[in-house]
Amino acid sequence: VQLQASGGGLVQAGGSLRLSCAASGRAFDNHHGGWFRQALGKEREFVAAISWSAGSTDYADSVQGRFTISRDNAKNTVYLQMNGLKPEDTAVYYCAADDSRNPRVSTHKGRYDYWGQGTQVTVSS
């Protein structure tokens, strides 16, 4: 599976962005999808995850209530709607796919098998 993340940019605090992660190469509808982010000088951290069927989601506490993960399997795409952005959300955002067939989504980056190239999100104060 090849993943292509897009939709990043520069936005003022309080603004919104929608990230997209387009998959190609293999069927994506049996993979859990995830978003992670990495700020300068920090480790990559979990943001959100969605099951292959979109029946379950999980969020980091820091984004709960502001970010929404969704997917459209007909388009092989996972989305991350980000509202109420804060300067501390500034990071490179990576999408990822987990083909482990585990029934539950994971917050651990080691569980994900495929990664996109990242898209920069910068939130100004």
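Structure's up top.
Residues numbered from 1 in each chain as written. Predicted model: local features only at pLDDT ≥ 70, side-chain atom pairs only at ≥ 80, totals over all residues. Heavy atoms only, no water.

Asker: How do you make sense of the environment of Phe 36 when you look at a structure like this?
Answerer: Take Phe 36: it is sitting in strand 4 (residues 32–38). A sequence separation of 84 residues divides Phe 36 from Gln 120, and the C-alpha atoms of the two residues are 12 Å apart. (Helix = DSSP H or I, 4+ residues; strand = E, 2+ residues; numbered from the N terminus.)

Asker: Can you help me understand the pairing of strand 1 (residues 2–6) in this one?
Answerer: Within a regular strand, side chains alternate between the sheet's two faces. Along strand 1, the buried face is formed by Leu 3 and Ala 5; none of Gln 2, Gln 4 and Ser 6, which line the opposite face, is buried. Of the pairings in the sheet, the one linking strand 1 to strand 3 (residues 17–24) comprises five bridges and is antiparallel in character. What sits directly across from Leu 3, in strand 3, is Ala 23. (Buried < 20%, exposed > 50% of the residue type's maximum accessible area, 1.4 Å probe, protein only. Pairing = 2+ DSSP bridges.)

Asker: Explain unusual backbone geometry here, please?
Answerer: It is generally the case that most residues other than glycine have a negative phi and that most peptide bonds are trans. Although it is not a glycine, Ala 54 sits at a positive phi angle of roughly 65°. Tracing the backbone through its elements, the reader meets Ala 54 in the loop between strand 5 (45–50) and strand 6 (57–59). Of note, Asn 76 is a non-glycine position whose phi angle comes to about 55°, a positive value. Classification of Asn 76 as partly exposed rests on a relative accessible area of 25%.

Asker: Would you mind going over the packing of aromatic side chains with me for this structure?
Answerer: Any two aromatic rings considered together are summarised by their centre-to-centre distance and by the angle between their planes. Inspection of every chain in the model, using the stated rule, returns four aromatic pairs. Centroid distance Phe 36 to Phe 46: 5.7 Å. Interplanar angle 75°. Geometry classified as edge-to-face. Placement of the pair is Phe 36 in strand 4 and Phe 46 in strand 5, with a sequence separation of ten residues. Here the two residues Phe 36 and Phe 46 agree in accessibility, since each one is buried. Centroid distance Phe 36 to Tyr 112: 5.2 Å. Interplanar angle 75°. Geometry classified as edge-to-face. With a gap of 76 residues between them, Phe 36 in strand 4 and Tyr 112 in the loop between strand 9 (91–98) and strand 10 (114–115) connect regions that are remote in the sequence. Classification of Phe 36 as buried rests on a relative accessible area of 1%. Among the residues examined, Tyr 112 registers a relative accessible area of 5% and is labelled buried. (Phe/Tyr/Trp six-rings, centres within 6.5 Å; stacked < 30°, edge-to-face > 60°.)

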